[in-house]
Amino acid sequence: MKRTEIIEQIRLALGSALERELAELPESTTLFEELAVDSTGVLELLLTLEDALVLEIDPEALEPEVFETVGTLADYVESMVSRKAAV
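Residues numbered from 1 in each chain as written. Predicted model: local features only at pLDDT ≥ 70, side-chain atom pairs only at ≥ 80, totals over all residues. Heavy atoms only, no water.

Things to note about the overall build of the protein
Okay, so step 1: When helices and strands are counted, the protein shows 3 helices and 0 strands.
Okay, so step 2: Starting at the N terminus, the α and β elements of the protein follow one another as α-α-α.
Okay, so step 3: Here the C-alpha atoms of the protein give a radius of gyration of 12 Å, agreeing with the 12 Å that 2.2 N^0.38 yields for 87 residues.
Okay, so step 4: Dimensions along the principal axes, computed over C-alpha positions, put the protein at roughly 35 × 25 × 20 Å.
Okay, so step 5: Across the protein, every contact between residues at least 6 apart in sequence was considered, and the portion connecting residues at least 24 apart equals 61%.
Okay, so step 6: For the protein, the accessible area works out to roughly 5400 Å², and carbon and sulfur atoms hold 52% of it.
Okay, so step 7: Taken as two groups, the 6 positive and 20 negative side-chain charges of the protein have centres that lie 8 Å from each other. (Helix = DSSP H or I, 4+ residues; strand = E, 2+ residues; numbered from the N terminus. Rg over C-alpha atoms; globule rule 2.2 N^0.38 Å. Contact = heavy atoms within 4.5 Å. Areas by Shrake-Rupley, 256 points an atom, 1.4 Å probe, with all protein chains shown as cover. Lys, Arg positive; Asp, Glu negative; His and termini not counted. Charge placed at Lys NZ, Arg CZ, Asp CG, Glu CD.)

This is how it looks when you write it as structure tokens:
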């Protein structure tokens, strides 16, 4: 899966979690500051990404740095997709 596809899935998942459409989503966008994602939004975001990308994400195992920006979240998702593909 290409990074652009991962970013698109994150954009769609964030839009669903925030209940609003996000037209653009630069990788530098901060999740908590710029998009005002809260803890409930994070869980909804993760569930949506799991469904869309057929992944299992353990929220307890995630470090806060994963949610700093769209880019850091994309890095994490990309690593999960690569790990899944290697199995």
